[in-house]
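The chain contents come next:
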Amino acid sequence: MPDAAPSTPAEAQRSEPHGVGHIVPMPLLIGTGLALLVLTWVTIAVAGIDLGEANIWVALAIAVLKGTLVALIFMHLRWDRPFNGIIFVAALVFVTLFIALALTDTAEYQSDLHPGDAPAVESKLQELER
Amino acid sequence: MSTLTPEHPDLRTNYLTHSRGVLSWMFTLDHKRIGVMYLVSVLASFLLGGILALLVRTELIAPGETIMGQDAYNRTFTMHGAVMIFLVIIPSIPAALGNFILPIMLGAKDVAFPRLNLTSYWLWVIGAIFAVMSMVVGGVDTGWTFYAPYSTEAARVGVVYVTVGAFILGFSSIFTGLNFIVTIHRLRPPGMTWFRMPLFLWSLYATSIIQILATPVLGITLLLLIVERVFRVGIFDPALGGDPVLYQHFFWFYSHPAVYIMILPAMGIISELVSIHSHKHIFGYRFIAYSSIAIALFGFLVWGHHMFTSGQSALMNAIFSAITFSVSIPSAIKVFNWLATMYRGSISLNTPMLYALAFIFIFTIGGLTGMFLGTLATDIHLHDTYFVVAHFHYVMMGSALIAMIGGLHHWWPKITGKMYSESLGRLAWALVFVGFNVTFFTQFMLGSQGMPRRYHDYSDTIGNWLPEKTQLFHTYHFISSIGSYVMALGFFLILFYLLHSIFRGRRAPANPWGGRSLEWQCTSPPPHNNFDAPPAVGDCYDFSVLEWDEQEGGYKWREDAPHPGGQDS
Amino acid sequence: MTLLTTILGLLAAATEGPVGGGFWMPRQASTAADVVDSIFFFILWISVFFFVLIVALMVLFVIKYRRREGHESAKTATHNTALELTWTIIPLILVIIIFYVGLRGYVGMIQEPRNAYEVWVTGQRWSWTFEHDNGAVQTNVLTVPAGRPVKLKMTSTDVIHSFYIPDFRKKQDVVPGRYTYLWFEAPEPGQYQLFCAEYCGTQHSQMAGIIEVTAADEFDDVIAQKANWIDEYADEDLPRAGLRLYPRCQSCHTLDGSPLQGPSFRETHRLWGQKRIFADGSETVVDENYVRNSILNPGAQIVMNYPNVMPTFQGQLKEREIRALIEFIRKLDEVVDEQGGPRE
């Protein structure tokens, strides 16, 4: 499939026959890396504060943000053709499908599990109590 | 631009003679050499897996202990499965044949990432070493499916070796898939639109999608298994609070698409074989191309059909059963299209075509018996019996492997520059075909009569076996084992005459069969860089431009047939 | 749908073997077998039809269109949308029917039966334990009444097993940490093979059992007798009776000295009459009272270095059974050898 005429400098650079394509500026890469480290630190810090139900949502939100940064900048999706982005989203769809179906199944047989904790878990809990 | 006309085969300057020495092979970046190394490795693994299979069948030929005890038997069938699936069937067509043929079929010099390609091969070797090493450290007896919590028990150290091996092999698979996708997207020659590609490439493309999407899940699953063993976390082991059925979800989410990794390239080969050897344009090109993609995508939605009796909820069972049937339709379309291709063709019954016909025969049975297993009511009875064993051998061995052997014979002249003995080819085919059906058709009855799988013995060594069951099972097992010996004979014969052809075979013309895809337009064997410039592309299934040349012993372009130009093709 | 049922019935009648089993299927020994077999043969005939069609066409074409002098391939159409749609849609309709039929049969097979006779089933490596409501405990042989639904409530103590009765066409995995259920109704008295159908280790193929279907009017007596089996043992034979009870302890207590979740009975046997030290530092003499307490109130005295995981058997063992276990441990050496195998 022949490429359309390049419409941005980035595209021009990319379609050059012997070129290396668009290069992400180093400051941006370093900045993103630092941002990820900061966000990791925030995740750990917030985990120490008791927000009840909100804890898991905060952690997930930060994780989504970090993942987005990785996908857009480290995985270069921000400057790639939309098709690549679609592929990435398709992969996420399959992951969601897998986890959703597996968890739906698990939920269905919760009532059939042995009452109480599993034996090894029991002994661990009792060890901790002592 | 230029199109290469078939020259007199030149055995002095081709990819085999281009450079010499072991290192020139070990560090080669030439996809053809990598393909050959894969081929040798995969066939060696097939020999190992085959010997394990013969040991299994010999043990089962009579009730009681025949040649080995329970533990030895359990390890044997486990390694047979692991070796055949991870070391043979999954890499065989994509890595061994695909690596060689794909770039040439595209008129390209090589794949998009040659170094990655070499890395794939060496990862395969490392993975294989780990897997085989498990046999030395006491063996693995969990079955190739490694179900938890049996596989997470401390005693089985071998499990770690095989799972690490499979993990590494997974990367080999992923990198190959990645390479093929990029190559097909980016390195097609001018004029080869998506719908001008040979169908073998469509099938490799669909396979590569599965390889990239599914294999990481296997990697993670096996990693979790190792984490569970080492750190006793409690993911799958209920004694630690885990869920054993969750392991099955994880495992089959990869392993079901994996079977489509095995069968899709095989179907691609059959499309090539049937059309070329019938000297007729493939029928229903678009449907076949779309069906490959459909199978690849739908294959991800059906993994639960391996778990109908596992404790999976009835709701999930119903959903998975329904979707499972939808996957069967694209395969049916292909079979009908192949038949329509043969209709009013001019069929050469040479060895590759014989394997294609065997494929259609065997795959029809394999696919139809899948329906019994996808149906909820019957699967309750048939799950974990020999019916399943028979079904998957019909589709994995009788179809995927048979197609691979057919493809091997089809492209053997191209790869080696030699022709094998056609009469021995037909004889071996007959042994394999008859032996295969005798071995595995009996197992359908064995299963429907209730014989469970993974059984070392079918008599009352310890008690509680009813003698009528033992008697019935013995009859079928005996016949099945005899069939396996016949089949083995056929495979050894193939090994013999193929090796023999390398040394004493007749020199092969560029186009012995009359194919029109680009690999037939370079010499046999191909030169080091395949083509000097990207060749021009026409309809690769239009064989009317070719005619038999008696002098060359092969096909060549007709004098009066125009070569495809740049714009009008 | 009655048309469908009629067709299924006709097909089944045309192909099923004698009551003692046919070519494809073993005998039909449960109420579900008929349904499963009908569906099986329905799919079989559709499969046979398509197989014959495809192979016949293939062979016909190979013969009729073989390559020979003067016969070139014809330039026919390279695709035909109407034709391709036809052989897409017809198979699609057929598989939808098969799916539906299979689903209906399945729903019937898993529906909770009313007035069922319930049995607790435990799978372990490598035997089956069956516990009846009246206290009877059976190993590997399950006695059930004929003509009445039987519901099994199953779990495993170690790895995944699977409860499979081919003649009943019923199978269900037995999973550790969870209860799974299977029911059947067997109209005819007789002995039916039970297999373990999920690989579980060395003796997987020897984990076979028998379902003993007993005529309904005899069943009550038979099962009452089984509940009171221990009464048949004289006092001096109680150690042997204890050995019969041992399978219920074996997943945590060995007989050869090796420790599992719990101390080996051999260790307890060796310490008989001597002091044993517990995790909380206290100690007591190993005697009849100690063993009795361990069975009924296991959490009170945990042996040093072992976890507190033993469930109580209060209400599950008769007094005479408890005595049998005490005698079994006390006289262990007379009943089993060093490796734990029975003597004589």
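For the structure, check the block above.
This text gives an overview of the structure that appears in the document. (Residues numbered from 1 in each chain as written. Chains lettered and ligands numbered in written order. Predicted model: local features only at pLDDT ≥ 70, side-chain atom pairs only at ≥ 80, totals over all residues.)

## Observations concerning the overall build of chain A
Line of reasoning, step 1. When its secondary structure is counted, chain A shows five helices and zero strands.
Line of reasoning, step 2. In chain A, once contacts between residues fewer than 6 apart in sequence are set aside, the share between residues at least 24 apart is 35%. (Helix = DSSP H or I, 4+ residues; strand = E, 2+ residues; numbered from the N terminus. Contact = placed C-beta atoms within 7 Å.)

## A short note on the interface of chain A and chain B
Line of reasoning, step 1. Opposite the 15 residues of chain A that make contact, chain B presents 15 residues.
Line of reasoning, step 2. When residues of the side of chain A that touches chain B are traced back to their parent elements, those giving at least two are α4 (82–108) and α5 (119–129) of chain A.
Line of reasoning, step 3. It is α4 of chain A that provides the largest number of residues to the side of chain A that touches chain B, a total of nine residues.
Line of reasoning, step 4. Each residue belonging to the side of chain A that touches chain B can be placed in one class, and the counts come to ten nonpolar, two polar and three charged. (Nonpolar A, V, L, I, M, F, W, Y, C, P; charged D, E, K, R; others polar.)

## Examining the sheet that holds strand β1 (residues 117–124) of chain C
Strand pairs in the sheet, formed through backbone hydrogen bonds, run parallel or antiparallel to each other.
Residue and element names in this part refer to chain C.
Line of reasoning, step 1. One open sheet holds the five strands; their spatial order is β3-β2-β1-β5-β8, and the pairing between them is mixed. Strands at the two margins of the open sheet, each flanked by one partner only, are β3 (137–139) and β8 (180–184). Put simply, the sheet's adjacent strands are angled 25° from each other on average, direction ignored.
Line of reasoning, step 2. Of the strand pairs in this sheet, β1 and strand β5 (residues 150–156) are connected by seven bridges, and their pairing is parallel. Bridge assignment links Glu-118 to a residue of β5, and that residue is Lys-151. (Pairing = 2+ DSSP bridges. Axes fitted to C-alpha atoms, helices over the stretch in contact; angles between N-to-C directions.)

## A few points about the packing of helix α2 (residues 31–60) of chain B against helix α3 (residues 70–105) of chain B
All names here are of chain B.
Line of reasoning, step 1. Close contact between α2 and α3 brings their axes to 7 Å; oriented N to C, the two are set at 155°. By the angle between their axes, α2 is roughly antiparallel relative to α3. Seen from above, α2 lies across α3 with left-handed handedness.
Line of reasoning, step 2. Counted by class, the contact of α2 with α3 contains 24 nonpolar, eight polar and two charged residues. (Parallel < 35°, antiparallel > 145°, perpendicular 65-115°, else oblique. Left-handed = near helix turned anticlockwise from the far one by under 90°.)

## Brief notes about the sheet that holds strand β4 (residues 141–145) of chain C
Residue and element names in this part refer to chain C.
Line of reasoning, step 1. Pairing is mixed in the open sheet, where five strands are placed in the order β4-β10-β9-β6-β7. The open sheet has two free edges, formed respectively by β4 and β7 (170–174), since each of these has just one partner strand. Averaged over all pairs of adjacent strands, the angle between their axes in this sheet comes to 25°, without regard to strand direction.
Line of reasoning, step 2. Bridge count between strand β6 (residues 161–165) and strand β9 (residues 190–196): two bridges; the pairing is antiparallel. Considered in β9, the bridge of Phe-163 is made with Cys-196.

## Section: helix α9 (residues 314–342) of chain B
Residue and element names in this part refer to chain B.
Line of reasoning, step 1. Relative to the 42 Å expected for 29 residues at 1.5 Å per residue, α9 spans 44 Å between its end C-alpha atoms, a close match to the ideal helical length.
Line of reasoning, step 2. Counting buried positions along α9 gives 21 out of 29 residues, so the element sits mostly inside the fold.
Line of reasoning, step 3. Once α9 finishes, Arg-344 follows within two positions and takes phi at roughly 60°, a positive value. (Expected span 1.5 Å × (residues − 1). Buried ≥ 20, exposed ≤ 12 C-beta atoms within 10 Å, placed from the backbone.)

## Here we look at the environment of His-393 of chain B
All names here are of chain B.
Line of reasoning, step 1. Mapped onto the elements, His-393 comes out in helix α12 (residues 386–416).
Line of reasoning, step 2. Using a count of 21 C-beta atoms within 10 Å as the deciding quantity, one classes His-393 as buried.
Line of reasoning, step 3. For His-393 and Gly-98, which are 295 residues apart along the polypeptide, the C-alpha to C-alpha distance reads 23 Å.
Line of reasoning, step 4. Discounting chain neighbours no more than four positions away, the residues touching His-393 are Gly-398 and Phe-440.

## Observations concerning the nonpolar core
Line of reasoning, step 1. Judged by nonpolar contacts, the single largest core of 245 residues is most densely connected at Ala-266, Ile-270, Phe-359 and Ala-400 of chain B.
Line of reasoning, step 2. Here this core gathers at least three residues from each of two domains, domain 1 (2–62 + 81–110) and domain 2 (117–227) of chain C.
Line of reasoning, step 3. When residues no more than four places from it in sequence are discounted, the contact partners of Phe-359 of chain B are Ile-270, Ser-399, Ile-402, Ala-403 and Gly-406 of chain B.
Line of reasoning, step 4. The next biggest cluster of nonpolar side chains, apart from the first, holds 15 residues, and it includes Ile-230, Leu-255, Val-291 and Val-336 of chain C. (Core = buried A, V, L, I, M, F, W, Y, C linked by C-beta atoms within 7 Å. Domains from an automatic or database assignment.)

## Description of the environment of Lys-109 of chain B
Residue and element names in this part refer to chain B.
Line of reasoning, step 1. Mapped onto the fold, Lys-109 is located in the loop between α3 and α4 (114–133).
Line of reasoning, step 2. Residues Lys-109 and Phe-287 lie 178 residues apart in sequence; the distance between their C-alpha atoms is 30 Å.
Line of reasoning, step 3. The contact partners of Lys-109, leaving out residues within four places of it in the chain, are Pro-103, Asn-529 and Asn-530.

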